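Descriptive structure summary
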Amino acid sequence: MKQLFKTSAIYFIGQICSKLIWFLLLPLYTNFISVTDYGFYDLVISILNVVIPVVFIEIWSGSLRFTLETQDTNEKRIILNNCIIISFISLAIFSIMFILTYIITPFDSPAIIYIYSLVWVMQLIALSVTRAYGHNILYAISGIISVIVNFVISVISIKIFGGSLEVMFYGMISSYIVQIMLVEFKLKIIRNFHITDIDRNLIKELFLFCFPLSFNSIVHWLLEGFNKIIINAKLGIAINGIYAVANKFSVVINLFVSVFLLAWQEVIFKITDINEKEYYYNYATNMFIKALGAVVILIIPIIQLAFPYIIGDDYASAFGLIPILILSIYINSINGVFSTLFSSEKKTKYLLYCKITMALINVLTMLYFVNIIGSYASPISLCISYLI
């Protein structure tokens, strides 16, 4: 357990900045960015959150799972290089899909959205490499630096370009590029890439592990992204923007959860002894549920006090959604801990079955409730689906 706490502390330092940056940017965005533009931005991010993991078969998760099984540096390099090869193929597919989508259904700012997608994938791969080699401090430091870059570029962009849609992408793209450069400078990912490392059997094994995870991303979208699409279609993009702002207040809960799960993955993936795994499963799961429950109880009254001071008047109606959203995140976070257990045993297909059931329940309840209670249908549907 000492290793779990140590790793969690390192990730906490890196994650707290990346999560809390949204609290710093919320006053900026909600006072200078229109509700419609913010709604479109959130919609784009929601769509990319499912499309990219599917097309790239969430290869960064596979790279972590397979590299943590070995301590041999050469074996790690071969695994990572085969993951990169898979990513190149996925990039070609994504580019074709992106162009065809724009031709069929034109949308605003296609160039900046494509660039954002590309650097985001590169950042995910770079971060998986840092964890694969055990450079958790590099992971944390690069995250802190990227957050600072994001904030500075966002402020400067709003001052120069005003409250345009592209401004929200400029900060993210710049921060990702800086983080990629820092990781490359330290770990020499490009220099260590050799095409001769191609291993068809390994690629097949990676594919079989990651492919169900890519469907998990679709299911995740059906749990959250689908709700935003329905809100946009039934209630309007402005309401979607308000719902997006309400979601940002889950940042503290997500911080706690993401830190634990990052450390939990690394610890549990390395354990091979069955008895030791069982001990970790029981102890860590119980500890997590109690600690996260305490955080939820403390954070809701704090948000109630802070809300009027950091959110623009146009977004005031977001307040009522926050407690229910936090409750849904709490329930889903417990599911996340159990999901890691399935991944550690490489039983990702069983995890997929569970999530498909949750997604179907969410879709049905969302479609039923949205015409009755409006945007409140989303967090209530999520709570029901996560509980079942």
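The paragraphs below set out a description of the structure included in this document. Predicted model, so just to flag it, every value in this text is computed and none were measured. (Residues numbered from 1 in each chain as written. Predicted model: local features only at pLDDT ≥ 70, side-chain atom pairs only at ≥ 80, totals over all residues. Heavy atoms only, no water.)

Further remarks concern the overall build of the protein chain. Secondary structure summary: the protein chain contains 15 helices and zero strands in total. The buried share of the protein chain, taken over its 388 residues, is 52%. Pairs at least 24 apart in sequence give 82% of the contacts found in the protein chain among residues at least 6 apart. With the model as given, the accessible surface of the protein chain reaches about 17,800 Å², and the carbon-plus-sulfur share is 69%. (Helix = DSSP H or I, 4+ residues; strand = E, 2+ residues; numbered from the N terminus. Buried < 20%, exposed > 50% of the residue type's maximum accessible area, 1.4 Å probe, protein only. Contact = heavy atoms within 4.5 Å. Areas by Shrake-Rupley, 256 points an atom, 1.4 Å probe, with all protein chains shown as cover.)

Counting across every chain of the model gives one salt bridge. Ionic pairing is found between Arg 77 and Asp 197, a salt bridge with its closest N-O pair at 2.9 Å. Linking Arg 77 in helix 4 (residues 73-104) with Asp 197 in the loop between helix 7 (167-187) and helix 8 (200-223), this pair joins segments that are 120 residues apart in sequence. Classification of Asp 197 as buried rests on a relative accessible area of 9%. (Salt bridge = Lys/Arg side-chain N within 4 Å of Asp/Glu carboxyl O.)

The next point concerns the packing of helix 5 (residues 110-132) against helix 6 (residues 136-161). Running from N to C, helix 5 and helix 6 cross one another at 145°; their axes reach a closest spacing of 7 Å. Across the interface between the two elements, Leu 127, Thr 130 and Arg 131 of helix 5 pack against Asn 136, Leu 138, Tyr 139 and Ser 142 of helix 6. Residues belonging to the contact of helix 5 with helix 6 are distributed by class as follows: three nonpolar, three polar and one charged. (Axes fitted to C-alpha atoms, helices over the stretch in contact; angles between N-to-C directions. Nonpolar A, V, L, I, M, F, W, Y, C, P; charged D, E, K, R; others polar.)

Here helix 8 is 24 residues long and its end C-alpha atoms lie 34 Å apart, about the 34 Å a rise of 1.5 Å per residue gives. Maximal helix bending in helix 8 amounts to about 30°, located at Cys 210; proline Pro 212 follows within four positions. The set of residues buried in helix 8 consists of Leu 202, Leu 206, Phe 209, Cys 210, Pro 212, Leu 213, Ser 214, Asn 216, Ser 217, Val 219 and Leu 223. For helix 8, the side-chain oxygen to backbone nitrogen distance between the N-cap and Asn 201 is 3.0 Å, and the N-cap itself is Asp 199. (Expected span 1.5 Å × (residues − 1). Bend = angle between axes of the 7 residues up to and from the residue. Polar contact = N/O pair within 3.5 Å; in protein donor to acceptor, adjacent residues only side chain to side chain.)

Treat this as a map of the structure, not an account of what it does.
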